[in-house]
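Remarks on the overall topology
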Amino acid sequence: MSKVKKGSCLCGGVTYEVNGPLRPIIGCHCTQCRKQTGHYMAATGVKLSYFTVTSDRGLTWYRASDTARRGFCATCGSTLFWQADGADYIAIAAGTLDGETGLDLSGHIYCEDAGDYYQITGGTFQKDQTGHSVETPE
Ligand SMILES: [Zn+2]
Ligand SMILES: [Zn+2]
């Protein structure tokens, strides 16, 4: 897992690199993630010490709650990041990683907020009102 992984938004204005272990992917079906992504959030995560934003053109932060901020590209609209205040890690929207991730989907949280138009599948757990804090990487 020492290989540097890269990612970007759709227009390429925001780019980032990860040079440490990424957490398995968690699907978050909370109302905020559903609104932000248009479906639900599938995110990995990494310790901040392994994370670098290499271009921040268009990177904008939005606070949907008092406890966290959400990073997106104001040019192309890509959902990028989720970060709890004071946390030592950042959640990364899995679809913004370039190439093969080598990651597995571990499970789902906030399942009771999920839309009625899809089935929640994959992974080994489905939790209800579980805080985003369970998304802490190893
Ligand atoms: Zn963009
Ligand atoms: Zn969520």
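Above this note sits the structure.
Attention here is on the structure that accompanies the text. (Residues numbered from 1 in each chain as written. Chains lettered and ligands numbered in written order. Predicted model: local features only at pLDDT ≥ 70, side-chain atom pairs only at ≥ 80, totals over all residues. Heavy atoms only, no water.)

C9 (SG), C11 (SG), C73 (SG) and C76 (SG) make up the full set of protein donors to the zinc ion (ligand 1), lying at 2.3 to 2.4 Å. Sequence positions of the residues that donate to the zinc ion (ligand 1) give the spacing C-x1-C-x61-C-x2-C. On the basis of relative accessibility, which here comes to 1%, the residue C73 falls in the buried class. By relative accessible area, C76 is classed as partly exposed at 26%. (Donors = N, O, S within 2.8 Å, 3.2 Å for Na, K, Ca; no water. Buried < 20%, exposed > 50% of the residue type's maximum accessible area, 1.4 Å probe, protein only.)

What follows is about the sheet that holds strand β2 (residues 14–18). Ordered by their spatial adjacency, three strands build an open sheet running β1-β2-β5, and the pairing between neighbours is antiparallel. If you trace the sheet from one side to the other, it starts and ends with β1 (5–8) and β5 (51–56), each paired once. Direction aside, the axes of adjacent strands within the sheet are offset by 20° on average. Note that β1 and β2 share four bridges and pair antiparallel. Within the sheet, the bridge partner assigned to K5 lies in β2 and is V18. (Pairing = 2+ DSSP bridges. Helix = DSSP H or I, 4+ residues; strand = E, 2+ residues; numbered from the N terminus. Axes fitted to C-alpha atoms, helices over the stretch in contact; angles between N-to-C directions.)

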